[in-house]
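# Structural features, examined
Each chain, letter by letter, is given below.
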Amino acid sequence: MVTSEATPFIKTGGLADVLGSLPPALAARGVETAVVLPRHRAISLEGAERVWDSLPLLVGPYQYYASVWRIDRQGVPYFFIDCPPFFDRDGIYAGPWGDHWDNDTRFAALCHGALGVARHLFRPDIIHCHDWQAGLLPVYLKQFFQGDPTFYGVRTVFTIHNMGYHGSFLKERLYWLGLPEWTFRPDLLEHHGRVNFLKGGIVYSDYVTTVSPTYAGEIQTPEHGFGLDGLMRARAGFLKGILNGVDYSVWSPENDPHIAAAYSAGDLAGKAACKQDLLAEFGLPQDDPDVPVIGIVSRFATQKGFDLIAEVAHDLVHWNIRIAALGTGEKQYEELFRHLASVRPDRFSVRATFSEKLAHKVEAGSDIFLMPSRYEPCGLNQMYSLRYGTVPVVHATGGLEDSIDQATGFKFRPYSAWAMLDALRAALTVYATGKPTWRAMMETGMRRDFSWNAAAAEYATLYRHLAGESFAAFGAS
Ligand code: ADP
Ligand code: GLC
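It should be emphasised that the depicted structure is a prediction, and the values quoted were computed from it without experimental measurement. (Residues numbered from 1 in each chain as written. Chains lettered and ligands numbered in written order. Predicted model: local features only at pLDDT ≥ 70, side-chain atom pairs only at ≥ 80, totals over all residues. Heavy atoms only, no water.)

## Things to note about the domain arrangement of the protein
For the protein, the assigned domains read domain 1 (14–245 + 453–473) and domain 2 (269–448). Each of domain 1 and domain 2 was reduced to a C-alpha centroid, and the two centroids are 33 Å apart. Summed over the shared surface of domain 1 and domain 2, the result is zero salt bridges. Our count for the domain 1 to domain 2 interface comes out at nine residue pairs in polar contact (both at pLDDT 80 or more). (Domains from an automatic or database assignment. Salt bridge = Lys/Arg side-chain N within 4 Å of Asp/Glu carboxyl O. Polar contact = N/O pair within 3.5 Å; in protein donor to acceptor, adjacent residues only side chain to side chain.)

## A few points about the state of the cysteines
A complete count under the given rule lists zero disulfides for this structure. Take cysteine 111: it sits in no disulfide, and the sulfur closest to it among the cysteines is that of cysteine 129, at 6.5 Å. (Disulfide = S-S within 2.5 Å.)

## Description of the packing of helix α15 (residues 417–433) against helix α16 (residues 435–447)
Contact geometry for α15 and α16: axes closest at 6 Å, N-to-C directions at 115°. If you check the angle between α15 and α16, you find them roughly perpendicular. Contact with α15, carried on its side by Ala427, Val430, Tyr431 and Thr433, involves Lys435, Thr437 and Trp438 of α16 and no other residues of that element. Taken together, the residues of the contact of α15 with α16 break down into four nonpolar, two polar and one charged. (Axes fitted to C-alpha atoms, helices over the stretch in contact; angles between N-to-C directions. Helix = DSSP H or I, 4+ residues; strand = E, 2+ residues; numbered from the N terminus. Parallel < 35°, antiparallel > 145°, perpendicular 65-115°, else oblique. Contact = heavy atoms within 4.5 Å. Nonpolar A, V, L, I, M, F, W, Y, C, P; charged D, E, K, R; others polar.)

## Here's the deal with the sheet that holds strand β7 (residues 126–130)
Ordered in space as β7-β8-β12-β13, the four strands form an open sheet in which the pairing is parallel. With one partner strand each, in any of the chains shown, β7 and β13 (239–241) form the two edges of the open sheet. This sheet shows a mean twist of 25° between the axes of neighbouring strands, independent of strand direction. Across five bridges, the pairing between β7 and strand β8 (residues 155–160) is parallel. Within β8, the residue paired with cysteine 129 across the bridge is phenylalanine 158. Each of β7 and β8 touches helix α4 (residues 136–144); the most contacted strand, β8, lies at about 160° to it. Contacts from helix α5 (residues 197–204) reach β8 and β12 (207–210) within the one sheet, and its direction differs from that of β8 by about 135°. (Pairing = 2+ DSSP bridges.)

## Some details on the packing of helix α8 (residues 270–281) against helix α12 (residues 356–365)
The description of two packed helices rests on the angle between their axes and on the distance between the axes. Between α8 and α12, the shortest axis-to-axis distance is 8 Å and the interhelical angle comes to 130°. With respect to α12, the axis of α8 lies oblique. The chirality of how α8 crosses α12 is left-handed. Side by side, α8 and α12 meet where Lys271, Cys274, Lys275, Asp277, Leu278 and Glu281 of the first sit next to Leu358, Lys361, Val362, Glu363, Ala364 and Gly365 of the second. The residue makeup of the contact of α8 with α12, split by class, is five nonpolar, one polar and six charged. (Left-handed = near helix turned anticlockwise from the far one by under 90°.)

## Digging into the site of ligand 1
The immediate surroundings of ligand 1 are formed by 20 residues, with Lys11, Gly14, Asp17, Arg299 and Lys304 found nearest. Residue lysine 11 places a side-chain N or O atom 2.8 Å away from an oxygen atom belonging to ligand 1. Threonine 353 places a polar main-chain atom, nitrogen or oxygen, 2.8 Å from a nitrogen atom of ligand 1. For ligand 1, the protein covers 94% of the area, taking 560 Å² as the surface of the free molecule. Looking at the shell around ligand 1 element by element, the count peaks at three residues for strand β14 (residues 293–300). Class assignment of the residues belonging to the shell around ligand 1 gives a composition of six nonpolar, eight polar and six charged. (Near = heavy atom within 4 Å. Areas by Shrake-Rupley, 256 points an atom, 1.4 Å probe, with all protein chains shown as cover.)

## What to know about empty space enclosed by the protein
Tallied over the full model, the rule gives one cavity of 30 Å³ or more. Here the largest cavity is characterised by a volume of approximately 50 Å³. Together, Ile296, Val297, Ser298, Lys304, Phe306, Phe369, Leu370, Met371, Pro372 and Ser373 line the largest cavity. Taken together, the residues of the lining of the largest cavity break down into seven nonpolar, two polar and one charged. (1 Å grid on protein atoms, 1.4 Å probe; cavity = no way out; pocket = protein on both sides within 12 Å on 5 of 7 lines; lining within 4 Å. Points joined across faces, edges and corners; volume = space filled by probe spheres on them.)

## Some points on the site of ligand 2
Near ligand 2 lie 14 residues; those nearest to it are His161, Asn244, Glu376, Cys378 and Gly379. Asparagine 162 places a side-chain nitrogen or oxygen 3.3 Å from an oxygen atom of ligand 2. Protein chains bury 93% of the 310 Å² of accessible surface belonging to ligand 2 in isolation. Here the shell around ligand 2 is built from residues that sort into six nonpolar, six polar and two charged. Residues lining the shell around ligand 2 come from more than one domain, with at least three contributed by each of domain 1 (14–245 + 453–473) and domain 2 (269–448).

## What to know about the pairing of β14
Of all eight residues making up β14, seven are buried, and the element is well covered by its neighbours. As judged from the eight bridges shared by β14 and strand β15 (residues 322–329), these two strands associate in the parallel manner. Across the sheet, residue isoleucine 294 finds its bridge partner in β15, namely isoleucine 323. Taken together, the two bridges between β14 and strand β17 (residues 368–371) define a ladder with parallel strand orientation. Residue glycine 295 lies in a different strand from β17, and its bridge partner there is phenylalanine 369. (Buried < 20%, exposed > 50% of the residue type's maximum accessible area, 1.4 Å probe, protein only.)

## Focus: helix α1 (residues 14–28)
With 15 residues, α1 should reach 21 Å at 1.5 Å per residue; the first-to-last C-alpha distance of 21 Å fits that figure. The buried count for α1 comes to 12 of 15 residues, which makes it a mostly enclosed element. Among the residues making up α1, those that are buried are Leu15, Ala16, Asp17, Val18, Leu19, Gly20, Ser21, Leu22, Pro23, Pro24, Ala25 and Leu26. Along its buried surface, α1 packs onto β1 (35–38), β3 (62–73), β4 (76–82), β7, α13 (381–387) and α17 (453–466). Glycine 30 sits one or two residues past α1 and shows a positive phi near 90°. (Expected span 1.5 Å × (residues − 1).)

Have a look at this one:
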């Protein structure tokens, strides 16, 4: 697998969670799996073994050299491409002045590094690329290594974790990426006059997956296709949505080192202590344990639906609720929550930081988890919430549609502020007046199984099919 991030090494979002837990789940099923990622500055190499020196990376006209480090974790070798000119910097995608100017060549280098690992250190049958950062790998493989015996029979899978991030660069950059001019065609890498890495991954891979069945359908529509819906329809026979899973060794209130008290579906007593702890942590009043706490953990981005909250903020400030929001990203949404907190410091609190510990505390200490995402390829926090007995209120889209139902949460559609308020009202009504129903929802959610088993089995079947070990047709969405 090729990725730009993976827990516990480096994380900005759900992609990292997936790459930290799907590979071990595959390994546990007997699918030998390795992961290749950049050695970003923030990754500590303590305990790592240096397994290759001077791996040549030919990126466009320049030759770079990388060393490769290896850390074994839960039966999976993680290989780190250590190439300081590209990766020894703060911010894995962006610095204080915006996206790194050379993100195209940086991630082209990752792709070359991964091909080097496949040549020298781990011979795969399948190379599974994740998101635009790994999108050029299938392109390089098909363009340059078609006749290379090392790669005979190697098949590629490309997983779209988010259609909204294309990795789109100026046409002039083709040369610096070592790509011939003729790949700049609308049926290959060109998209609206630019080189598009995501499109490269989709076009050149043998099979494409995305992270929920509903999202696999949605990306074939103009509304959610980000201009690539036609391409997705064309590739529909080679596309499948596989719902992500949850790593319950990290996300379970029974044994979570970050939360104030342990609890489980059978014994919920500890959740009250977690709620008090969360209120204290966010500086919210702890006087009335019956006031519902609504938790948010999110990247602050347009995708996540905060425009809906902005639209009805004037209404929300009058509700007898408390909102604890944890997130980083676009300043406008941080400002929104700061503004709410300044108007009603007893009801709203925001922590604009990236904190694993606080994320766990919000999951455990809230009564309701709000996720009004405009679109959501899969979404992990709603599934974490279920495990913590925190009832999700979600927009019925993508993985939110697939993982939440009437027995476990509240869904709204269409995507409108009023629909969201209706769902929140419904949740608060059951919370306040229907304690047994509420408790049943919590317990049902806690007992749902979203472990990686099911997804790992599906990926394993797909790999076997592509490697020619199984002639059974692999269903597409
Ligand atoms: P996305 O990848 O689109 O951001 P997901 O729901 O798939 O959304 O995954 C988000 C992951 O990032 C979750 O593990 C969530 O807990 C984590 N996360 C998001 N924001 C923060 C934050 N400010 N602090 C800690 N963890 C965060
Ligand atoms: C992306 C998506 C999110 C998904 C995650 C992991 O970041 O936005 O919905 O859960 O990838 O697949």
